[in-house]
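# Results of the structural survey
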Amino acid sequence: MNDKASVTAPGWQYWTVAVLGFLWNCLGAYLYILTKLNDPLVTVGATPQMLDYIAHMQLWAHIGWSLGIWGSFAGSVLMLLRSRFAVQAFLVSLLGALLSFAGQTQAGVLEPAEPIMILAVIGFLLWYCRRSEQAGLLR
């Protein structure tokens, strides 16, 4: 039996998770772009320490931030396309987010609620994609 024949059609639960994950990650990508464009609306509530951190972020922390954001965005797109590569994209995102939050911790600007929520969403999407791959929903 070839791989295409073993792929199962997903139900409404899969599409609900995929669409909500995509919308969540579109917001993250949008905020990333606005931050890189120095849009004051994004940083209006930021502390002076956080603004300084964003302006002088270490390269490794910036790479982590980028991988976290764009890995999740790619994972969401791949999930909508029902690609098994969504699993790898969310794994890259999780590692990138951890690296980014390590940079924030080192700089002393980490707000605990934000990384908990973000890591929980990435972890859930990674788990859900692995489960979907095992169930034959991803090709």
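Residues numbered from 1 in each chain as written. Predicted model: local features only at pLDDT ≥ 70, side-chain atom pairs only at ≥ 80, totals over all residues. Heavy atoms only, no water.

With that settled, consider the overall build of the protein. Within the protein, the regular secondary structure consists of five helices and zero strands. When the helices and strands of the protein are placed in sequence order, the string is α-α-α-α-α. The dimensions of the protein, computed from C-alpha atoms along their principal axes, are 60 × 25 × 25 Å. The 139 residues of the protein split such that 35% are buried. (Helix = DSSP H or I, 4+ residues; strand = E, 2+ residues; numbered from the N terminus. Buried < 20%, exposed > 50% of the residue type's maximum accessible area, 1.4 Å probe, protein only.)

Take the layout of surface pockets next. One simple way to see leftover space: roll a probe sized like a water molecule over the atoms. In this structure, the largest pocket occupies an estimated 870 Å³ of space. If you trace the largest pocket, you find 32 residues lining it, with L31, W65, I69, E114 and I118 closest to the centre. Listing elements by their share of the lining of the largest pocket, those giving two or more residues are α1 (12-36), α2 (48-55), α3 (59-80), α4 (86-107) and α5 (113-134). Top element by residues in the lining of the largest pocket is α1. It accounts for eight residues. The class makeup of the residues in the lining of the largest pocket is 19 nonpolar, eleven polar and two charged. (1 Å grid on protein atoms, 1.4 Å probe; cavity = no way out; pocket = protein on both sides within 12 Å on 5 of 7 lines; lining within 4 Å. Points joined across faces, edges and corners; volume = space filled by probe spheres on them. Nonpolar A, V, L, I, M, F, W, Y, C, P; charged D, E, K, R; others polar.)

The topology assignment puts L94 in helix α4. Separated by 58 residues in the primary sequence, L94 and K36 have C-alpha atoms spaced 21 Å apart. Discounting residues that sit within four places of it in the chain, L94 has contacts with L119, I122 and L126. (Contact = heavy atoms within 4.5 Å.)

One can find S93 in helix α4. Note on S93: relative accessible area 0%, which makes it buried. Side chain to side chain, S93 and S72 meet in a polar contact 2.6 Å long. Excluding anything up to four places from it in sequence, S93 contacts L67, G68, G71, S72 and I122. (Polar contact = N/O pair within 3.5 Å; in protein donor to acceptor, adjacent residues only side chain to side chain.)

Along the chain, S76 falls in helix α3. Those residues in contact with S76, other than ones at most four positions away along the chain, are G21, F22, N25 and F90.

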